[in-house]
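Summary of structural features
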Amino acid sequence: MRTGSWPSTLLILTFAVVIAACHGKTILLVADIAQAFSVSPAHASWVVSAVAIVAALASPLVNWGVARVGERTAIVAGLLLAAACSYLASRSEAFEWLLALRVVEGAGYISVVLAALALLMHTTEGGRRTTALAFWSVASPLGGAIAIFAVAPYVGGQHGEWRLAFSGHALVLLLLLLATPLLPAHNLANRRERKPLGQALRLYGDPSVLRLALAVGAPLTVALGLVTITPDYFIHHLGVAPATIGLISTLGILSSVLAGLFAGFVLNLRRVGPLAVVGGALLGVALEVLVFLPGIPSTTAILAKIAQGFFGSFVVAWVFTSIPKMSREGDVMGAGGIAEQALYLSMFLGPVLLFPLFSLPSRVPFLCVLVVASLLPLFLVPLGLRPASRVPPATAS
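Cut-off values and rules
Residues numbered from 1 in each chain as written. Predicted model: local features only at pLDDT ≥ 70, side-chain atom pairs only at ≥ 80, totals over all residues. Heavy atoms only, no water. Helix = DSSP H or I, 4+ residues; strand = E, 2+ residues; numbered from the N terminus. Rg over C-alpha atoms; globule rule 2.2 N^0.38 Å. Buried < 20%, exposed > 50% of the residue type's maximum accessible area, 1.4 Å probe, protein only. Areas by Shrake-Rupley, 256 points an atom, 1.4 Å probe, with all protein chains shown as cover. Lys, Arg positive; Asp, Glu negative; His and termini not counted. Charge placed at Lys NZ, Arg CZ, Asp CG, Glu CD. pLDDT = per-residue confidence, 0-100. Contact = heavy atoms within 4.5 Å. Patch = residues over 30% accessible without salt bridge, like charges linked within 9 Å, V, L, I, M, F, W, Y side chains within 5 Å. Salt bridge = Lys/Arg side-chain N within 4 Å of Asp/Glu carboxyl O. Core = buried A, V, L, I, M, F, W, Y, C linked by side-chain atoms within 4.5 Å. Axes fitted to C-alpha atoms, helices over the stretch in contact; angles between N-to-C directions. Parallel < 35°, antiparallel > 145°, perpendicular 65-115°, else oblique. Left-handed = near helix turned anticlockwise from the far one by under 90°. Nonpolar A, V, L, I, M, F, W, Y, C, P; charged D, E, K, R; others polar. Expected span 1.5 Å × (residues − 1).

A few words on the overall build of the chain. Across its full length, the chain carries 17 helices and zero strands. The C-alpha radius of gyration computed for the chain amounts to 21 Å, which stays within 12% of the reference 21 Å derived for 397 residues, consistent with globular compactness. If you line up the chain on its principal axes, its C-alpha atoms span 85 × 50 × 35 Å. In the chain, which comprises 397 residues, the proportion classed as buried is 51%. Entry remark: accessible area of the chain is about 17,800 Å², with carbon and sulfur atoms responsible for 69%. Separation between the mean location of the 23 positive side-chain charges and that of the 14 negative ones in the chain comes to 13 Å.

In structure tokens form, the structure reads like this:
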């Protein structure tokens, strides 16, 4: 397989989707795990959060390691570590042991994710890189959707069926390992990216990279917080049947995936791309506010929510395609690592920060946060609306 070809790029993106699916396998299993270990659902929910926390905290160190050992080696090591932990978790008899394994499993996942992202940026350029990064932005929701369908049959089992989800995902990771020989064997990190460990944290002093992190984290914190709020709102405020929530979520995820594919095409159009980003941001936030307006009919809220998934994801896709131009001195791995760190932090912080706002007597603070977080990327990342400066013709001597 030729490095940088579309088959090679699709293979790299497959790693991101599968990792997202394995990471999200516990979302539907929290109640089963709580029952199996006789802990509260709130306590059991840490099996979901533990992966996101360690992935966020370990990102700088893991990124430094990937640049040292090479992308393929880091992917192999991450897959083996995550597969071993997932299998051992399926055999665990103590909740503390399960939680510890999930932490280490998260370290394996972030190793694969950061190495695959680095490989994607090192093997593509121009329009192909833009398209690939746009799809990368929706790999997480796509993987989450796959996880929901794959794990759903094991939910509510009376004989520990949740353990099959863990051992099954371990097998999936080992099968994915068979595809790693198709990846480039040599380390593609450039000299600036292979920096000493003591310099790994210097990126946090770069305003450009911090703007990128905030542009990723702000809208995704809101989006992932709404994952927990929206079902509760639809059921208890709008009277939507619980069975319908799954269909709404599935259509919203598919809408997000379509947005990533569409963004990969539109963002390559120099004049149209920036205008589409602005339009998508404004339409997305308008639809999100519409969903939560008092007195809105349930049918209108459902349609608005599904459509919002498209326009909101379009903006996030654009932010991810901006990683290379927001990097410091060509360190695309460093910028990509911080973007992924913001993504994983938003997974943890979204429900924690947004639900209390939604529970206030007035919905005004909640809606203000939705608007600000959704539009913030437009002020943090250059849109590229300015025409390229013309170089004056050389004068004859």
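The next subject is the confidence of the model for the chain. On average, residues of the chain score 86 in pLDDT, and 96% of them are at 70 or above. The least confident element of the chain is helix α3 (residues 41-44), whose mean pLDDT is 80; the most confident is helix α5 (residues 71-90), at 94. With pLDDT under 50 throughout, residues 388-397 is counted as low confidence; its partners more than four residues away or in other chains account for zero contacts.

On the surface, Ile27, Leu28, Ile148 and Val155 cluster together into a nonpolar patch covering about 300 Å² of accessible area. Structurally, Val155 can be placed in the loop between α8 (139-151) and α9 (162-177).

Another aspect to go through is the nonpolar core. In this structure, Phe15, Ile75, Leu79, Trp136, Val216 and Trp318 are the most contacted members of the largest nonpolar core, which totals 86 residues. Not counting chain neighbours up to four residues away, the residues in contact with Val216 comprise Val319, Phe320, Ala339, Ala342 and Leu343. Judged by nonpolar contacts, the second largest core, of 24 residues, contains Leu226, Ile229, Phe234 and Ala373.

So, about the packing of helix α10 (residues 207-236) against helix α13 (residues 298-321). Following both chains from N to C, one finds α10 and α13 inclined at 160°, their axes separated by 10 Å at the closest point. With respect to their mutual orientation, α10 and α13 come out roughly antiparallel. Seen from above, α10 lies across α13 with left-handed handedness. Packed against α10, whose contacting residues are Leu212, Ala215, Val216, Pro219, Leu220, Leu226, Thr230 and Phe234, the element α13 presents Ala301, Ile302, Lys305, Val316, Val319 and Phe320 at the interface. Residues belonging to the contact of α10 with α13 are distributed by class as follows: 12 nonpolar, one polar and one charged.

Moving on to the environment of Leu287. Its place among the elements puts Leu287 in helix α12 (residues 272-291). Note on Leu287: relative accessible area 18%, which makes it buried. Sequence separation of Leu287 and Pro41 is 246 residues, and the distance between their C-alpha atoms is 32 Å. The residues contacting Leu287, other than those within four sequence positions of it, are Ala304, Ala307, Gln308 and Phe311.

This part covers the environment of Val30. The residue Val30 is located in helix α2 (residues 30-37) in this model. Classification of Val30 by relative accessible area gives buried; the value is 15%. C-alpha separation for the pair Val30 and Ala44, spaced 14 residues apart in sequence, amounts to 5.8 Å. Not counting the four nearest positions on each side in its chain, Val30 is found in contact with Pro41, Ala44, Ser45 and Val48.

Backbone geometry places Ser38, a non-glycine residue, at a positive phi of 55°. Note on placement: Ser38 falls in the loop between α2 and α3. Taking relative accessible area as the criterion, Ser38 reaches 67% and is therefore assigned exposed.

The next subject is the packing of helix α4 (residues 46-69) against helix α15 (residues 332-358). Two quantities define a packed helix pair, namely the angle between the helix axes and the distance between the axes. One can describe the packing of α4 onto α15 by two numbers: an axis separation of 8 Å at closest approach and a directional angle of 170°. Classed by the angle they form, the pair α4 and α15 counts as roughly antiparallel. The segment α4 lies against α15, with Trp46, Ser49, Ala52, Ile53, Ala55, Ala56, Ser59, Pro60, Asn63, Val66 and Ala67 engaging Met333, Gly334, Gly337, Gln341, Tyr344, Leu345, Met347 and Phe348.

Turning our eyes to something else, we now look at the pattern of salt bridges. Tallied over the entire structure, the rule returns three salt bridges. One salt bridge connects Lys305 with Glu288, and the closest N-O pair in it is separated by 3.1 Å. Taken together, the residues Lys305 in helix α13 and Glu288 in helix α12 connect sequence positions 17 residues apart.

Right, let's get into α8. With 13 residues, α8 should cover 18 Å at 1.5 Å per step; its first-to-last C-alpha distance of 18 Å lies within 8% of that length. Every buried residue of α8 is accounted for by Ala139, Gly143, Gly144, Ala145, Ala147 and Val151. Those residues of α8 that are buried lie in contact with α1 (6-23), α7 (126-136), α9 and α11 (242-266).

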